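Spelled out, the chains give:
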Amino acid sequence: AMHGHSRDADKTFEAALRTLRNADALCDTLVVAPLFQVAADKAVAGRCNTVGVPVAQPGDLLWTCGSWLEGARSVSGSNVGSFAAMDALVDELARRWPGVRTITVAGFSAGGQFVQRYIAFTRHDGTAAGRPAMRYVVADPSTWLYFDPVRPQFSADGASVTGFAVPDAAACPQMNRWKYGTDDLPAYLGRTAAQARRQYAQADISYLEGALDSSDARGTAYRVLDKSCAALAQGPFRMQRGLAYAAYDRKLLAPDRRREVVVVPGCAHDVACVFPSEAARAALVGPTR
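Let me begin by describing the structure that accompanies this report. (Residues numbered from 1 in each chain as written. Predicted model: local features only at pLDDT ≥ 70, side-chain atom pairs only at ≥ 80, totals over all residues. Heavy atoms only, no water.)

## So, the environment of Ala-280
Short version of the rule: A helix here means a DSSP run of H or I that spans at least four residues, while a strand means a run of E at least two residues long, and both kinds are numbered starting from the N terminus.
Tracing the chain through its elements places Ala-280 in the loop between helix H8 (271–274) and helix H9 (281–285). Along the chain, Ala-280 and Ser-206 lie 74 residues apart, while their C-alpha atoms are 9.5 Å from each other.

Here it is as structure tokens:
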């Protein structure tokens, strides 16, 4: 269960535990909440810290407030990418608990950004014999990775997607660059754009959006919403961007998968509301529960 920008791993952990309690699934499910560390002074300055979360210790890998969510290498000298770190964690879980059948990597907010991009670049595609199946849940991210230069077109009221078109890239040069698109992919990610697209299209993915995470109202964390031109090309707010991406997924990316967005009633931008909800249960715990 991946934390958000504030690195609120404890809150995300508790939300995941509540999800499993509500589903009566704690008896055979392990919850892990990784924490990508940022140097204490940088965390405070970047406002990516949460009271009560363990601070970085000597020898820990360190990232910046925003680099871990896009797979960047650590800044502490070892050059380990955050996606590679997650791969190592998955390996450790499979080694330590060989009976594990499925590993679900779920992320909320910035954690959702991390997971959505990790899907395309993880070494674990979930098909290797003897390995756990891999599932992914992307919840309320600020932005999405597109694999085509098209972007959504919205109705006049912004409530629905009317189609897709290729915008004028000259007006927003970063629109198709990593992390919003697949131009200029960092070499350390170890994938071409075509390979990343193919892996993403084949993955087991669920999308979640808070129904009230659709404006700049209180509770939507609008202050930390990405408002760059590349982000705004994906939609005005998180829910609209999520609905648009699911439409893109169904139409252009993986039409045979028919991935839908589960819109969680009554929730804005709050993992403690979205994850434990009844609406999100099948996505997070699995459809057979």
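Having seen the model, we can carry on.
## Some remarks on the pattern of salt bridges
To keep it simple, the criterion reads: Here, a salt bridge means any Lys or Arg side-chain nitrogen found within 4 Å of an Asp or Glu carboxyl oxygen. The rule is simple: take the accessible area with a 1.4 Å probe, protein chains only, and divide by the maximum for that residue type; under 20% is buried, over 50% is exposed, in between is partly exposed.
Under the counting rule described, the total for this entry stands at 13 salt bridges. Residue Arg-123 is joined to Asp-91 by a salt bridge in which the shortest nitrogen-to-oxygen separation is 2.9 Å. Here the residue Arg-123 occupies a position in the loop between helix H4 (110–121) and strand S2 (133–139), and Asp-91 occupies one in helix H3 (residues 82–96), the gap between them amounting to 32 residues. Between Asp-213 and Arg-238 there is a salt bridge whose closest N-O contact spans 3.2 Å. With Asp-213 in the loop between strand S5 (205–210) and helix H6 (229–232) and Arg-238 in helix H7 (residues 238–253), the pair connects residues that are 25 residues apart, well separated along the chain. On the accessibility criterion, Arg-238 (2% relative accessible area) is buried. Within the structure, one salt-bridge network assembled from shared partners comprises Asp-87, Asp-91, Arg-123 and Arg-131.

## Some thoughts on the layout of surface pockets
Condition: Lining residues are those with an atom within 4 Å of a point, where the points come from a 1 Å grid over the protein atoms alone and group into cavities, where a 1.4 Å probe fits but cannot get out, or pockets, open sets with protein on both sides within 12 Å along at least five of seven lines. Grid points are joined across faces, edges and corners, and a volume is the space filled by probe spheres set on the points. In this count, Pro and Cys sit with the nonpolar residues alongside Ala, Val, Leu, Ile, Met, Phe, Trp and Tyr, while Asp, Glu, Lys and Arg are called charged and the others, Gly among them, polar.
Computed from the structure, the largest pocket encloses a volume of approximately 850 Å³. Lining the largest pocket are 30 residues, and of these Thr-29, Leu-30, Thr-102, Ile-103 and Thr-104 sit closest to its centre. Of all elements in the fold, only helix H1 (9–22), H3, strand S1 (102–108) and H9 reach the threshold of two or more residues within the lining of the largest pocket. It is S1 that provides the largest number of residues to the lining of the largest pocket, a total of five residues. Tallied by class, the residues present in the lining of the largest pocket amount to 19 nonpolar, seven polar and four charged.

## Some details on the state of the cysteines
In plain terms, the rule: Any two cysteine sulfur atoms lying within 2.5 Å of each other are counted as a disulfide.
Going through the model one piece at a time under the given rule, you end up with three disulfides. Across the disulfide from Cys-48 sits Cys-65; the S-S distance is 2.1 Å. As the torsion about the S-S bond is roughly -65°, the Cys-48-Cys-65 disulfide counts as left-handed. Here Cys-48, found in the loop between helix H2 (40–45) and H3, pairs with Cys-65, found in the loop between H2 and H3; they are 17 residues apart in sequence, far enough to count as distant. When its relative accessible area of 12% is taken as the criterion, Cys-65 is described as buried. The residue that forms a disulfide with Cys-267 is Cys-273, at a sulfur-sulfur distance of 2.0 Å.

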